[in-house]
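Residues per chain are reported as follows:
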Amino acid sequence: MGTDETKLAVIAIVVEREESVRELNDLLHGCSNYIIGRMGIPHRERGVSLISVAMDAPADTISSLSGKLGRISGVSAKVAYSKMPE
């Protein structure tokens, strides 16, 4: 990727329901060609997982994915965009 029409971003995801993981993974798989890397950290004591997904993608693809993730029950998602010039 890395072209003028793409943005660098990180999506921070909090998963509070284990039952939601399959749907979350299906959405991420659908955007796998834009994903640079992914890191997941389970917090077993609280029964929560924290996931960060680094992307190089068109802004509308990133915001669409974040919105879809946030509509999954038990999942919260927020995006942080790079301020690198286009």
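Residues numbered from 1 in each chain as written. Predicted model: local features only at pLDDT ≥ 70, side-chain atom pairs only at ≥ 80, totals over all residues. Heavy atoms only, no water.

## Considerations on the packing of helix α1 (residues 21-30) against helix α2 (residues 59-70)
Here α1 crosses α2 at 170 degrees, and the two axes come no closer than 10 Å. If you check the angle between α1 and α2, you find them roughly antiparallel. Between α1 and α2, the contacting residues are L24, L27 and L28 on the first element and L65, K68 and L69 on the second. The residue inventory of the contact of α1 with α2, partitioned by class, reads five nonpolar, no polar and one charged. (Axes fitted to C-alpha atoms, helices over the stretch in contact; angles between N-to-C directions. Helix = DSSP H or I, 4+ residues; strand = E, 2+ residues; numbered from the N terminus. Parallel < 35°, antiparallel > 145°, perpendicular 65-115°, else oblique. Contact = heavy atoms within 4.5 Å. Nonpolar A, V, L, I, M, F, W, Y, C, P; charged D, E, K, R; others polar.)

## Quick notes on the nonpolar core
Counting 17 residues, the largest nonpolar core has I11, I13, L24, V53, M55, L65 and L69 as its most contacted members. Filtering out sequence-adjacent residues up to four positions away, L24 remains in contact with I13, V15, R38, I51, L69, I72 and V75. (Core = buried A, V, L, I, M, F, W, Y, C linked by side-chain atoms within 4.5 Å. Buried < 20%, exposed > 50% of the residue type's maximum accessible area, 1.4 Å probe, protein only.)

## Brief notes about the pairing of strand β1 (residues 7-15)
Strand residues, when the strand is regular, have side chains that alternate between the two faces of the sheet. As paired strands, β1 and strand β3 (residues 48-57) are joined by nine bridges and run antiparallel to one another. Across the sheet, V10 pairs through a bridge with A54, a residue of β3. Bridging between β1 and strand β4 (residues 75-81) involves seven bridges; their strand directions are antiparallel. Bridge pairing in β4 links V14 to S76. (Pairing = 2+ DSSP bridges.)

## Examining the environment of V14
Summarising the element assignment, V14 is placed in strand β1. Since its relative accessible area comes to 27%, V14 is described here as partly exposed. The spacing of V14 and G40 is 26 residues in sequence and 9.7 Å in space, taken between C-alpha atoms. Residues contacting V14, with those up to four places away along its chain left out, are V48, S49, L50, G74, V75 and S76.

## Things to note about the pattern of salt bridges
One pass over the full model with this rule turns up one salt bridge. In this structure, the salt-bridge partner of R17 is E19, at a minimum N-O distance of 3.2 Å. The exposed category is assigned to E19, whose relative accessible area is 58%. (Salt bridge = Lys/Arg side-chain N within 4 Å of Asp/Glu carboxyl O.)

## Let's talk about the environment of K78
Mapping K78 onto the fold places it in strand β4. K78 gets classed as exposed once you look at its relative accessible area, which sits at 65%. K78 has contacts with V10, I11, A12 and S66, leaving out every residue within four places of it along the chain.

## Side note on the sheet that holds β3
Strands in a sheet are paired, the pairing made by backbone hydrogen bonds, and the direction either parallel or antiparallel. Across the sheet, four strands lie side by side as β2-β3-β1-β4; this open sheet has antiparallel pairing. Of all the strands in the sheet, just β2 (35-43) and β4 have a single pairing partner and so form its edges. Geometrically, the sheet is characterised by an average inter-axis angle of 15 degrees between neighbouring strands, direction not taken into account. The strands touched by α1 are β1, β2, β3 and β4; relative to β2, the strand with the most contacts, the crossing angle is about 165 degrees. On top of the sheet, α2 reaches β1, β3 and β4; it is set at about 160 degrees to β4, its chief contact.

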